Amino acid sequence: MTFFGKLKKMMGFSAAQAGRAGETDPIEPSARLLRGRPKVYVLATGGTIAGRLASTGPRYRAGVLGIEALLGAVPALRGLADLSGEQVENIGSQDMDEFVWLKLAHRVNALLADPATDGIVITHGTDTLEETACFLDLTVRSPKPVVLVGAMRPAGSPGADGPTNLLDAVTVAAHPSAAGRGVLVVMHGSLFEARDVAKVSSLSLSAFAAPNAGAVGQLADGRIHYGQRAALSPERLVFDVSGLDRLPAVGIVYGHAGASATPVKALVDAGCRGIVSAGVGSGNVHRDVLAALADASGRGVIVVRASRVAAGLTLRNVEVDDNRFGFVAAGALNPQKARVLLQLALTRTRKAEAIQKMFDEY
Ligand code: SIN
């Protein structure tokens, strides 16, 4: 039986329900009635989607509204699924960290192990949403849908996008066709896979894109319209974080003209076990930085080369001799996601070749 066949069996839905590439929302309303109403759990972490306009100081504050207010403001949600939820944090996502990531991973794995849960929505600030999505994509073991969602405009502002985004996210989390695609992100009518998505605009409502792969689908009229079915890997890379309460320290150094070795040396002196270079072009680095990275690698620090450029790949041995220096190439991952994967990889091994395999596999 194929992986997807096993998945469907696991999820308890038939071939007719599963749909094919390019199809729109394959579940008939009658089939949905037979299954009963889907049960979606919402985990709230804050962000602009829980933000409110302020009368003094900066224009608004993120992470103000609690989950009751968030869900209560969109009564139509109750028409889509049986909803329950909890407040995990209420922060601006600039303050997101590995401790909240681990809390979320533990909670999501526990909730999805319960047959009563069909899917999960996580409300999140947009600034670091892609990193949390990537972390969960690498640590959630269930094929059931997990959907991250945010908003660019807080409640009370003209054109606030939170309610529509939330409706779209619950639509996806409630739908069996979203299972087995890894963690997903819904923003402004587009559906993205966690591995590919990035915030590409600081203020626009269309703030997210998948620069290398494109969106996997669109949300319109309360339905999911898939582009093409994602490849489903039976050997998906998943890390077991159940016994962890922190992650290895990994820093990022940013590339630019005239860059110096100082940030690399500071990270090594601070005891970082890994460094991600957000290099220029296809991950190139200034000669002084290269020397410092080579030295760090020689001392057992894992160095991953990524790029500050928004789209494209960082491949091995193109202009930098990765074999000689023992570096890892990030492939399609941007620096902040390469950091997530490197932190997780370091919980398993400190060997650069083994870590390169994980980057190639994800
Ligand atoms: C945040 O990331 O928490 C603030 C910005 C946003 O949610 O859009």
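Attention in this report is confined to the structure presented alongside it. (Residues numbered from 1 in each chain as written. Predicted model: local features only at pLDDT ≥ 70, side-chain atom pairs only at ≥ 80, totals over all residues. Heavy atoms only, no water.)

Re unusual backbone geometry
Note the threshold: Numbering of helices and strands runs from the N terminus; a helix is a DSSP stretch of H or I covering at least four residues, while a strand is a stretch of E covering at least two. Throughout, exposure labels follow a simple rule: accessible area from a 1.4 Å probe, protein chains only, divided by the maximum for the residue type, with under 20% read as buried, over 50% as exposed, and the rest as partly exposed.
Although it is not a glycine, D221 adopts a positive phi angle of roughly 55 degrees. Locating D221 in the fold gives a position in the loop between strand 11 (217-220) and strand 12 (223-226). Unusually for a residue other than glycine, N317 sits at a positive phi of about 55 degrees. Within the element layout of this structure, N317 appears in the loop between strand 15 (302-307) and helix 10 (322-325). Among the residues examined, N317 registers a relative accessible area of 32% and is labelled partly exposed.

Here's the deal with the environment of G281
Residue position: G281 is located in the loop between strand 14 (274-279) and helix 9 (287-298). In sequence terms G281 and G312 are 31 residues apart; their C-alpha atoms lie 9.1 Å from each other.

Remarks on helix 6 (residues 129-137)
For helix 6, a buried count of nine out of nine residues is recorded, marking the element as mostly surrounded by other parts of the structure. When helix 6 is considered as a whole, its buried residues turn out to be L129, E130, E131, T132, A133, C134, F135, L136 and D137.

Things to note about the sheet that holds strand 1 (residues 39-46)
Strand pairs in the sheet, formed through backbone hydrogen bonds, run parallel or antiparallel to each other. As a reminder of what qualifies: At least two DSSP bridges between two strands are required for those strands to pair. As a rule, the C-alpha atoms of each element are fitted with a line to give its axis, helices using only the stretch in contact, and angles between N-to-C directions run from 0 to 180 degrees. Contacts are assigned to residue pairs that have any heavy atoms within 4.5 Å of one another.
In spatial order, the strands read 4-1-5-6-7-8-11-12; together these eight strands make up an open sheet with mixed pairing. At either end of the open sheet lies a strand with only one pairing partner, and these are strand 4 (82-91) and strand 12. Averaged over neighbouring strand pairs, the angle between their axes works out to 25 degrees when direction is ignored. Sheet strands in contact with helix 5 (residues 98-113) are strand 1, strand 4, strand 5 (119-123) and strand 6 (146-149), and its direction is about 170 degrees off that of strand 1. In this fold helix 7 (residues 162-173) packs onto strand 1, strand 4, strand 5, strand 6, strand 7 (184-187), strand 8 (190-193), strand 11 and strand 12, with an angle of close to 155 degrees to the strand it touches most, strand 5.

Brief notes about the site of the ligand
To keep it simple, the criterion reads: Residues are counted as near a molecule or strand when any one of their heavy atoms sits within 4 Å of it. Here a polar contact is taken to be a pair of N or O atoms separated by no more than 3.5 Å, where protein atoms must pair a possible hydrogen donor with a possible acceptor and residues adjacent in sequence count only if both atoms sit in side chains. What sets the accessible areas is the Shrake-Rupley method with a 1.4 Å probe; for residues, cover comes only from the shown protein chains. When residue character is reported, Ala, Val, Leu, Ile, Met, Phe, Trp, Tyr, Cys and Pro are called nonpolar, Asp, Glu, Lys and Arg charged, and the others, Gly included, polar.
What surrounds the ligand is the set G47, T48, Y60, G92, S93, Q94, G125, T126, D127 and A151. T48 places a side-chain nitrogen or oxygen 2.9 Å from an oxygen atom of the ligand. One of the backbone N or O atoms of A151 is found 3.3 Å from an oxygen atom in the ligand. With the chains in place, 93% of the 250 Å² that the ligand exposes on its own is no longer accessible. Here the residues of the shell around the ligand sort into two nonpolar, seven polar and one charged.

Notes on the sheet that holds strand 15
Strand order in this open sheet of four strands is 13-14-15-16, and the pairing throughout is parallel. What marks the edges here is a single partner per strand, and that holds for strand 13 (250-254) and strand 16 (328-329). Summarising the sheet, strand 15 and strand 16 pair through two bridges and their orientation is parallel. In the sheet register, V304 faces strand 16, and the bridge partner there is V328. Strand contacts of helix 11 (residues 335-345): strand 13, strand 14 and strand 15, with the helix running at about 165 degrees to strand 14, the strand carrying the most contacts.

Some points on the pattern of salt bridges
Which entries qualify depends on this criterion: For this analysis, a salt bridge means a side-chain nitrogen from Lys or Arg found within 4 Å of a carboxyl oxygen belonging to Asp or Glu.
If you walk through the whole model with that rule in mind, you get eleven salt bridges. The salt bridge involving D127 is made with K199; its shortest N-O contact spans 2.8 Å. You can see D127 sitting in the loop between strand 5 and helix 6 and its partner K199 sitting in strand 9 (residues 198-199), a full 72 residues away along the chain. Of the charged contacts, one joins R305 and D322 as a salt bridge, the two residues approaching to 2.7 Å between their closest N and O atoms. Here D322 lies in helix 10 and R305 lies in strand 15, a separation of 17 residues in the sequence. Owing to a relative accessible area of 0%, D322 belongs among the buried residues under this scheme. A single network of salt bridges, built from pairs that share partners, joins R37, K39 and D82.

Quick word on the nonpolar core
Worth spelling out the cut-off: Within this scheme, the nonpolar core is defined by two criteria: the residues are buried Ala, Val, Leu, Ile, Met, Phe, Trp, Tyr or Cys, and they are joined through side-chain atoms within 4.5 Å. The split of the chain into domains comes from an automatic or database domain assignment.
Ranked by size, the top nonpolar core spans 58 residues in total, and within it F135 and F359 carry the most contacts. Broken down by element, the residue count for this core peaks at eight residues, all from helix 5. Shared between two domains, this core takes at least three residues from each, and those domains are domain 1 (3-226) and domain 2 (250-361). Once you skip the residues sitting within four places of it in the chain, F135 turns out to touch W101, L102, A105, V241, L247, V340 and L344. If you look at the next biggest cluster of nonpolar residues, it comprises 31 residues, including A44, L83, V147 and I224.

Section: the environment of G156
Within the element layout of this structure, G156 appears in the loop between strand 6 and helix 7. Once the C-alpha coordinates of G156 and A54 are considered, the two residues, 102 residues apart in sequence, prove to be 9.9 Å apart.

With respect to the pairing of strand 13
Pairing analysis gives five bridges linking strand 13 to strand 14, with the strands arranged parallel. Paired with I252 across the bridge in strand 14 is V276.

Notes on the packing of helix 5 against helix 6
Formally: To sort the angles, those under 35 degrees are grouped as roughly parallel, those over 145 as roughly antiparallel, those from 65 to 115 as roughly perpendicular, and the leftovers as oblique. Crossing chirality is assigned from the near helix's rotation relative to the far helix, an anticlockwise turn below a right angle marking it left-handed and a clockwise turn marking it right-handed.
Remark: helix 5 packs on helix 6, axes separated minimally by 10 Å, with the N-to-C direction vectors making an angle of 45 degrees. It follows that helix 5 is oblique to helix 6 by the angle criterion. When you trace helix 5 past helix 6, the crossing you get is right-handed. In contact with W101, L102, L104 and A105 of helix 5, helix 6 contributes E131, T132, F135 and L136. Classifying every residue of the contact of helix 5 with helix 6 gives six nonpolar, one polar and one charged.

Remember, this is a structural readout, not a statement about activity or role.
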